[in-house]
There are 2 protein chains.
Amino acid sequence: MSTTVNADLARARAQATFDPLQLTYFLYDGPEKTKRKRFLQNMAISECEQQKFRRTAHLTREEQYEEALRKSTYAFKRVAELGLSDQADLFYFRDAIFLGPEPFAIHHAAFRPTVIKLATDKQRALWLPLIDSYRVIGTYAQTELGHGTFLRGLETTATYDPKTQEFIINSPTVTSAKFWPGGLGKTANHCVVMAKLFTQGKDVGMQSFMVQIRDLETHQPLPGVSVGDIGPKFGYAAMDNGYLSFKNVRIPRENMLMRYAQVLEDGTFIQPKNDRLVYGSMTLIRAQIVGGTARALAKAVTIATRYSAVRRQSQINSGQGEVQVIDFQTQQHKVFPQIAMAYALNITGRRSIAAYNRVSKQIEKGSLEELPVLHALSSGLKAYSSWEMMYGIEQCRLACGGHGYIEASGLPKIYANEVPACTYEGENTVLCLQTARYLMKCYAALTSGEALPPMVSYLRTAQGGRSQLSGKLELEQLIAAYEHRAARMISEAGARLAEQQKKGMKPAEAWNNSSQLLVEAAMAFCQTFAVRAFVETVQEAKLQPSLKAVLVQLCQLFAVQGILKYSGQFTKGGFLSDQQVETCQNKLFDLLALLKPNAVALVDAFDFPDQVLDSDLGRYDGNVYEALMEYARNSRLNESEVHEGFFKYQKPFVDYLNGKSILQARL
Amino acid sequence: MSTTVNADLARARAQATFDPLQLTYFLYDGPEKTKRKRFLQNMAISECEQQKFRRTAHLTREEQYEEALRKSTYAFKRVAELGLSDQADLFYFRDAIFLGPEPFAIHHAAFRPTVIKLATDKQRALWLPLIDSYRVIGTYAQTELGHGTFLRGLETTATYDPKTQEFIINSPTVTSAKFWPGGLGKTANHCVVMAKLFTQGKDVGMQSFMVQIRDLETHQPLPGVSVGDIGPKFGYAAMDNGYLSFKNVRIPRENMLMRYAQVLEDGTFIQPKNDRLVYGSMTLIRAQIVGGTARALAKAVTIATRYSAVRRQSQINSGQGEVQVIDFQTQQHKVFPQIAMAYALNITGRRSIAAYNRVSKQIEKGSLEELPVLHALSSGLKAYSSWEMMYGIEQCRLACGGHGYIEASGLPKIYANEVPACTYEGENTVLCLQTARYLMKCYAALTSGEALPPMVSYLRTAQGGRSQLSGKLELEQLIAAYEHRAARMISEAGARLAEQQKKGMKPAEAWNNSSQLLVEAAMAFCQTFAVRAFVETVQEAKLQPSLKAVLVQLCQLFAVQGILKYSGQFTKGGFLSDQQVETCQNKLFDLLALLKPNAVALVDAFDFPDQVLDSDLGRYDGNVYEALMEYARNSRLNESEVHEGFFKYQKPFVDYLNGKSILQARL
């Protein structure tokens, strides 16, 4: 493998008008944290090399699961030995080892947090030491074969038996089998089960129970427990998403998570006082997902941008030789808006986590005032960011031509492993409607003249008028255009909702009959938040002027591509004129040309080590083709020059068709 | 497995206002051809059951390749025994056996046709018998590691040696290795190689050569030939896409395909007279791809629509129980436009094949007049249809919630196996620019007042004015809106092109600097063709009124969703008013509600047997959940209750963290 950097990529890098390291500091909160991140990543990477962890592309699914188990146990052994506990430290160290989903993920991401959230102090004292020492390895079993989103529809039952003071867990139907929980299939020996609680003959609703499913010594499933892996999926090959069904499995009363709801010895059910705090944790998880989508898209666009500089194809001026595909406007138009989107989602994710922290402090002070808007925002942003990521990763893959399709490019894996973000932690459309539900409250407040929280106050002010947006693409004017459009779409959805009810529809039916407009209004609201977040962050950040200038261009590109994509929504009512949209379009092409010399530096700044990017097309050194050939030679179909299938099927087939007179001569 | 049809699906089916069989006849050109199709599919399906061909989802890639080889050799043995030759017969029989890409595909799709196209009569007489008896199994080796689209960039060389009257084939660089040809890795023993021909010391350009790469008896690679599989890809697991490089491989002079260009014994190169006919075959292949995208999207939307009727989730009116998700407007909005798109692409594909046949007849009569517009159209439609298919399949997958992500749904496989259509046979953006190249000729003709071919004559007439479109969504008015928008976008792109040149840019640079607008204009042109094709086909078809009424609604839905998606392009200049767009939006929601009772019947009419659909979610009988559980139980990770990884990694890890004191008691 060549050790020098591909000349075209080196030249593209050298054209940058700013110092990418400064941008890396901006992304990772300063030089110290960047240094720490790199230190942990490099340590993990060099240990992975010592451990000879294998690249997954050539492995079977069973091998990928086993290799992931090997990686997970190694990683968490090291985490214990190194005493890592800071969240960022843990993330960068583990992420550099796993490079994807792993069997212990839900143990940390959902099982343990659920115990902390819903267990009593006594239960925590018993379980957390076992959880943290991995004697208890768990997952969170909510979704069932027949039910995902709609909690009340879950069919698993927990029936309290006061005689033995036990709950009897059952899966009464085929559709009641738990389905999808990560790590459930082969790895977990416990899980938190969401089940419908029956006590004293009454259905008292969904509760959470700690259920052991496998023996701690032999790891065999316990009596009455039927558990296994659900089989191959689009991605997540190394994850043993599982199914689980119960037949009269008895657990002690103490295994119901009783921090809020409780069942007394005699079976008396005690309602929780207040479950609004449950909001909080969902809000944080969704805010974190936004950051995850930014990271996934950043990987994809790093690959596409670097390869666009390496790849030479076709001519612009015939006779002048082939050009780097990054010189083509159409290529810039595919890739650069994804760079802008990755930065926008990164900033949006950090903003919503900051908002979460701010509101959490308020809650501790007893004020729940901002919780609804935060919940609405985090729901919508999770949907918005995962949809944009999904679209963007595929744009990047297609921008790499045929080679984007080979696993060695890294892009198919990124896509297949990341798109579940559109579905888990709240299906996107359902989340949009939660956001819309809040926006309709604001719409009502608007008409009744009540005050609105700061984040949505523009719904009142952004009405009528004409935009002042000019060819300078003034950032404030871009925000104003988005706010005006969002305000209008929210009122239109509200108006349709009211109109449907006037026609005599029940509120619920009117809601359903307006739901598509409500979803689109929610997305307009989220896009507006993202544009403002990007603008304000760039304006507030202390940055070298050379860097700030580029980020302003990127911010303008982000805002402009959205205006053009939804131009009809911006011109409706005439706030933006056709002429202003056409100006945006011409400026878009100017911005693409302006950003070209900085494109590679902008993705270098994401600071993905090659081993984390895991892409032969996205290599920092640009030595793409040697790497692809090496990947190809390692194909298992090449373990023998002649595949046994030739002798088993192909040759007999040809002999059959031709009698025995096989042609000897070379043609 | 339950044998009765799921009650919700049965009810949804029963609501249809038309006879789906009549629609199936419409799609498959009448009762006779439908009967024939079903006969061949059923024969293939029952033979597959006898042969116990395995479902691929649980197989490793090597097993999938071997199983595909088993299927291919079985299928073509049967084709020979049954004497099948009609193209449709071959397609339905083979397709029902393969259910995806297979190693012999390129032998039939590209290798043999290339020989017929480029070989002399003498060469045909020698090779075709060997090809048709599979003694010679071939592929078409054009793309290289470093080159795809841009033919002139290919680096493989063929140097003529008059002394021995041989060509010497070489791969002078890493990037010159042939890369991607299907069947090349392990299956083929010959290929047609595109190489740069040097004779008498001169580079005379790209030519095609028949090169044997493996021994006919032992199947070992021949001296100087390095060949193998390129490794795992996004999809195409069963296909051995290959790499190939040459070191001084000598082939006789007679192995150059000499129907057009020739090399004489002394090395004299003779130019072909006319290569425009090469156009023709590309045009046919692209027209066929349009039909393929329609078929792929039809499969995906059959799955999503049936499952939307089976799946009950959440409530509309609380307390009234869970509803079928097909009752949600947002679900209808995801799925129904994809039904419309699948029909639109089906009709568009058949129209462009009809156009190809018409123009071919003209060519035989010596008239090449319509060839350019046909080429422009087929290029653009290939791009348009594959992009819409790509988006549509993912919409359908997301519409199935979490279960859309499991391989058993069939959706991930459809997506991963079909998206290459965006890249092969001409990368989509490159094809759009070919279409645009032609449209710019029309634009010039327009300004200079020349006549335009019928297919584009609207560029002259559709200017200015105001649309008469009303809430009736008159089909002619919908076409007029698309034509007006396309005409405007084409002139705008032409105007930008001219303006850039006025600014002193070279034509090629002005072209590149206008290319994104040119791509968008080309897409608007293709969408207009699709809308007109759909409208005219529905108007002309002899159909029962009950069926025609539904197809008109579907056609309106198709046209309206495009107007809403690109509303700014339709309102720009004021041909459509904001009010008319809002009317379209309200009518869209009405159409969704109108189509709901017919949705299942509309996809049933695609007439996919369960074995061809290969989806546990899309089963005709709707018994989805039993099928998913059976799929899950068959996961290879379930072959043992406790995976060996537990003993190799998990237990030692826990022991290490906890000393030897493993907790005995059950919690």
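Note that the structure is a prediction, hence the values are computed from the model and not measured. (Residues numbered from 1 in each chain as written. Chains lettered and ligands numbered in written order. Predicted model: local features only at pLDDT ≥ 70, side-chain atom pairs only at ≥ 80, totals over all residues. Heavy atoms only, no water.)

A.B. asks: Even after reading the chapter, I still don't get the overall build of chain A, so can you show me in this structure?
C.D. replies: If you tally the helices and strands in chain A, you get 23 helices and 11 strands. Taken over C-alpha atoms, the radius of gyration comes to 28 Å for chain A, in line with the 26 Å a tight globule of 667 residues would show. Oriented by its inertia axes, the alpha-carbon framework of chain A measures out at about 90 × 85 × 60 Å. Residues classed as buried in chain A amount to 62% of the 667 residues present. Here chain A holds 75 positive side-chain charges and 66 negative ones, and the gap between their average locations is 2 Å. (Helix = DSSP H or I, 4+ residues; strand = E, 2+ residues; numbered from the N terminus. Rg over C-alpha atoms; globule rule 2.2 N^0.38 Å. Buried < 20%, exposed > 50% of the residue type's maximum accessible area, 1.4 Å probe, protein only. Lys, Arg positive; Asp, Glu negative; His and termini not counted. Charge placed at Lys NZ, Arg CZ, Asp CG, Glu CD.)

A.B. asks: Could you clarify how one ought to interpret the packing of helix H16 (residues 515–540) of chain B against helix H17 (residues 545–565) of chain B in this entry?
C.D. replies: Packed helices, taken two at a time, are described by the angle their axes make and the gap between the axes. Residue and element names in this part refer to chain B. It is at 10 Å that the axes of H16 and H17 come closest, and there the two elements cross at 170°. In terms of axis orientation, H16 runs roughly antiparallel to H17. Residue-level inspection shows Ala530, Val531, Phe534, Val535, Val538 and Gln539 of H16 in contact with H17, the latter providing Lys548, Leu551, Val552, Leu554, Cys555, Phe558 and Ala559. Its residues assigned to classes, the contact of H16 with H17 shows 11 nonpolar, 1 polar and 1 charged. (Axes fitted to C-alpha atoms, helices over the stretch in contact; angles between N-to-C directions. Parallel < 35°, antiparallel > 145°, perpendicular 65-115°, else oblique. Contact = heavy atoms within 4.5 Å. Nonpolar A, V, L, I, M, F, W, Y, C, P; charged D, E, K, R; others polar.)

A.B. asks: Is there a simple way to explain the relation of the copies chain A and chain B in this structure?
C.D. replies: Think of it as a corkscrew move, a rotation about one axis and a shift along it, taking one chain copy to the other. When chain A is brought onto chain B, the operation consists of a screw motion whose angular component is 180° and whose axial shift is 0.0 Å, with 0.1 Å RMSD remaining. Within this description, the copies of the chain are treated as partners about a two-fold rotation axis. Looking at the rotation axis and the C-alpha trace of chain A, the residue lying nearest is Gly568 of chain A, at 1.8 Å. In this assembly the copies share their binding face: 99% of the residues contributing to the interface of chain A also contribute to that of chain B. (Least-squares fit on C-alpha atoms with pLDDT ≥ 70 in both.)

A.B. asks: Would you explain the nonpolar core in this entry?
C.D. replies: The nonpolar side chains of a soluble globular protein tend to be buried, and buried together. If you look at the biggest cluster of nonpolar residues, it comprises 345 residues, and the most contacted ones within it are Tyr343 of chain A together with Tyr343 of chain B. Excluding residues within four positions of it along the chain, Tyr343 of chain A makes contact with Leu23, Leu27, Phe534, Leu554, Leu602, Ala605 and Phe606 of chain A. (Core = buried A, V, L, I, M, F, W, Y, C linked by side-chain atoms within 4.5 Å.)

A.B. asks: Which parts of the structure should I look at to understand the pattern of salt bridges?
C.D. replies: Side chains bearing opposite charge may pair, as long as their charged atoms lie close to each other. Applying the stated criterion to the full structure yields 87 salt bridges over all chains. Measuring nitrogen to oxygen at the nearest pair gives 3.8 Å for the salt bridge that ties Asp121 of chain A to Arg124 of chain A. Separated by 3 residues within a single helix, Asp121 of chain A and Arg124 of chain A lie in helix H7 (residues 121–132), roughly one turn from each other. Among the residues examined, Asp121 of chain A registers a relative accessible area of 51% and is labelled exposed. Arg124 of chain A gets classed as partly exposed once you look at its relative accessible area, which sits at 23%. Among the salt bridges present, the one from Asp621 of chain B reaches Arg619 of chain B, with a minimum N-O distance of 2.8 Å. Each of the two residues, Asp621 of chain B as well as Arg619 of chain B, counts as buried. (Salt bridge = Lys/Arg side-chain N within 4 Å of Asp/Glu carboxyl O.)

A.B. asks: How should I be thinking about the environment of Gln15 of chain A in this particular structure?
C.D. replies: All names here are of chain A. Following the sequence through the fold, Gln15 ends up in the loop between helix H1 (7–14) and helix H2 (20–27). Distance in space between the C-alpha atoms of Gln15 and Tyr236 is 39 Å, their sequence separation being 221 residues. Excluding residues that lie within four positions of it along the chain, Gln15 makes contacts with Pro597 and Asn598.

A.B. asks: Would you explain the UniProt feature "domain: Acyl-CoA oxidase/dehydrogenase middle" (unreviewed entry) in chain A in this entry?
C.D. replies: Those places that UniProt annotates as "domain: Acyl-CoA oxidase/dehydrogenase middle" (unreviewed entry) correspond, in this numbering, to residues 140–249 of chain A. Structurally, residues 140–249 of chain A comprises 0% helix and 42% strand, and the distance from its first C-alpha atom to its last is 17 Å. (UniProt positions renumbered as here; feature names shortened; annotations may be inferred.)

A.B. asks: Help me understand the packing of aromatic side chains, please; the structure alone is not making it clear to me.
C.D. replies: Two descriptors summarise a pair of aromatic rings, namely the distance from one centre to the other and the angle between the planes of the rings. Taken as a whole and judged by the stated rule, the model has 48 aromatic pairs over all chains. When the ring of Tyr28 of chain A is compared with that of Tyr92 of chain A, the centres are 6.1 Å apart and the planes differ by 65°; the resulting orientation is edge-to-face. Separated by 64 residues along the polypeptide, Tyr28 of chain A in the loop between H2 and helix H3 (31–51) and Tyr92 of chain A in helix H5 (residues 87–98) bring together distant segments of the chain. Look at Phe179 of chain A and Trp180 of chain A: their rings are 6.3 Å apart centre to centre, the planes differ by 80°, and that puts the pair in the edge-to-face class. Joined through ring pairs, the aromatic side chains of Phe179, Trp180, Phe234, Tyr236, Tyr405 and Tyr415 of chain A together with Phe179, Trp180, Phe234, Tyr236, Tyr405 and Tyr415 of chain B make up one cluster. Over the aromatic face of Trp511 of chain A sits the side chain of Arg437 of chain A, whose NZ or CZ is 3.8 Å from the ring centroid. The cationic tip of Lys77 of chain B hangs over the ring face of Tyr656 of chain A; the distance from NZ or CZ to the ring centre is 5.8 Å. (Phe/Tyr/Trp six-rings, centres within 6.5 Å; stacked < 30°, edge-to-face > 60°. Lys NZ or Arg CZ within 6 Å of the ring centre and 35° of its normal.)

A.B. asks: What's the story with the pairing of strand S7 (residues 225–229) of chain B in this structure? I'm lost.
C.D. replies: Regular strands place their side chains on alternate faces of the sheet. Residues and elements named next belong to chain B. Most of S7 is tucked away, with 4 of its 5 residues classed as buried. As judged from the 5 bridges shared by S7 and strand S8 (residues 242–246), these two strands associate in the antiparallel manner. Within the sheet, the bridge partner assigned to Val227 lies in S8 and is Leu244. (Pairing = 2+ DSSP bridges.)

A.B. asks: Looking at this structure, how should I read the sheet that holds strand S4 (residues 178–179) of chain A?
C.D. replies: The strands making up a sheet associate through hydrogen bonds between their backbones, and the pairing can be parallel or antiparallel. Residue and element names in this part refer to chain A. Taking strand neighbours across the sheet as the criterion, the 3 strands line up as S4-S8-S7 in an open arrangement whose pairing is antiparallel. Only two strands of the sheet have a single partner each, and these edge strands are S4 and strand S7 (225–229). Here S4 pairs with strand S8 (residues 242–246) via 2 bridges, running antiparallel. When the bridges of S8 are listed, Lys178 appears paired with Leu244.

A.B. asks: When you look at the interface of chain A and chain B in this model, what are you seeing that I'm missing?
C.D. replies: Interfaces are frequently sized by the accessible area removed from exposure as the parts join. Each partner contributes residues to the interface: chain A has 159 residues there, and chain B has 158 residues. Between chain A and chain B, roughly 13,200 Å² of surface is buried when both sides are summed, and carbon and sulfur atoms account for 59% of that area. The tally of links from chain A across to chain B stands at 10 salt bridges. Note that Glu66 of chain B is salt-bridged to Lys648 of chain A, the shortest N-O span being 2.4 Å. Inspection of the region where chain A meets chain B yields 62 residue pairs in polar contact (both at pLDDT 80 or more). Counting residues per element, the side of chain A that touches chain B draws most heavily on helix H23 (residues 644–658) of chain A, at 13 residues. The residue inventory of the side of chain A that touches chain B, partitioned by class, reads 65 nonpolar, 55 polar and 39 charged. (Buried area = accessible area lost by both parts, 1.4 Å probe. Polar contact = N/O pair within 3.5 Å; in protein donor to acceptor, adjacent residues only side chain to side chain.)

A.B. asks: I'm lost on unusual backbone geometry in this one. Help?
C.D. replies: Phi is mostly negative for residues that are not glycine, and the peptide bonds are mostly trans. One non-glycine residue, Trp180 of chain A, lies in the positive phi region at around 100°. Within the element layout of this structure, Trp180 of chain A appears in the loop between S4 and strand S5 (190–199). By relative accessible area, Trp180 of chain A is classed as buried at 17%. The phi torsion at Asp29 of chain B lies on the positive side, around 60°, for a residue other than glycine.

A.B. asks: Even after reading the chapter, I still don't get the sheet that holds strand S4 (residues 178–179) of chain B, so can you show me in this structure?
C.D. replies: The 3 strands are arranged S4-S8-S7 (chain B) in an open sheet whose pairing can be described as antiparallel. A single partner strand is all that each edge strand has here, and the edge strands are S4 and S7 of chain B.

A.B. asks: Explain helix H19 (residues 578–595) of chain B here, please?
C.D. replies: Every α-helix carries 3.6 residues per turn, so stepping three or four residues along brings you back to the same face. Taking 1.5 Å per residue, 18 residues should reach 26 Å; H19 of chain B reaches 25 Å between its end C-alpha atoms and fits that length. Within the sequence span of H19 of chain B, burial applies to Gln580, Val581, Cys584, Gln585, Leu588, Phe589, Leu591, Leu592 and Leu595 of chain B. Those residues of H19 of chain B that are buried lie in contact with helix H14 (475–502) and helix H16 (515–540) of chain A together with helix H9 (329–364), H17, helix H18 (567–571) and helix H20 (599–604) of chain B. (Expected span 1.5 Å × (residues − 1).)

A.B. asks: It is not clear to me how the packing of helix H14 (residues 475–502) of chain B against H17 of chain B should be interpreted in this structure. Could you clarify?
C.D. replies: Residue and element names in this part refer to chain B. Between H14 and H17, whose axes approach to 11 Å, the crossing angle comes to 25°. When the axes of H14 and H17 are compared, the pair comes out roughly parallel. Relative to H17, H14 is oriented so that their crossing is left-handed. Here H14 contributes Leu475, Leu478 and Tyr482 to the contact with H17, which in turn contributes Val552, Cys555, Gln556, Phe558, Ala559, Val560, Gly562 and Ile563. Here the residues of the contact of H14 with H17 are counted per class, giving 9 nonpolar, 2 polar and no charged. (Left-handed = near helix turned anticlockwise from the far one by under 90°.)

A.B. asks: I keep staring at the environment of Ala355 of chain A and nothing clicks. Help me out?
C.D. replies: All names here are of chain A. Note on placement: Ala355 falls in helix H9 (residues 329–364). Taking relative accessible area as the criterion, Ala355 reaches 5% and is therefore assigned buried. In sequence terms Ala355 and Glu370 are 15 residues apart; their C-alpha atoms lie 9.4 Å from each other.

A.B. asks: Could you clarify how one ought to interpret the side chain of Thr302 of chain A in this entry?
C.D. replies: All names here are of chain A. By secondary structure assignment, the location of Thr302 is in helix H8 (residues 276–310). Thr302 sits in the buried class, given a relative accessible area of 0%. In contact with Thr302, not counting residues within four places along its chain, are Val603, Phe606, Phe608 and Leu613.

A.B. asks: Looking at this model, I keep getting lost on the environment of Ala632 of chain A. Mind explaining?
C.D. replies: Relative to the elements of secondary structure, Ala632 of chain A occurs in helix H22 (residues 624–633). You can call Ala632 of chain A buried: its relative accessible area is 0%. Along the sequence, Ala632 of chain A and His58 of chain A sit 574 residues apart, while their C-alpha atoms lie 10.0 Å from each other. Sequence-distant contacts of Ala632 of chain A, that is, excluding residues within four places in its chain, are made with Asn638 of chain A together with Phe179, Asp229, Ile230 and Tyr243 of chain B.

A.B. asks: Sorry if this is basic, but what is going on with helix H1 (residues 7–14) of chain B here?
C.D. replies: Residue and element names in this part refer to chain B. Here H1 has its buried residues at Asp8, Leu9, Ala12 and Arg13. The arc that holds every buried residue of H1, seen down its axis, measures 135°, which confines them to one face. Opposite the buried face of H1, by more than 90 degrees, sit the exposed residues Ala7 and Ala14. Where H1 starts, the residue carrying a side-chain oxygen 2.9 Å from the main-chain nitrogen of Asp8 turns out to be Asn6. (Arc of directions from axis to C-beta.)

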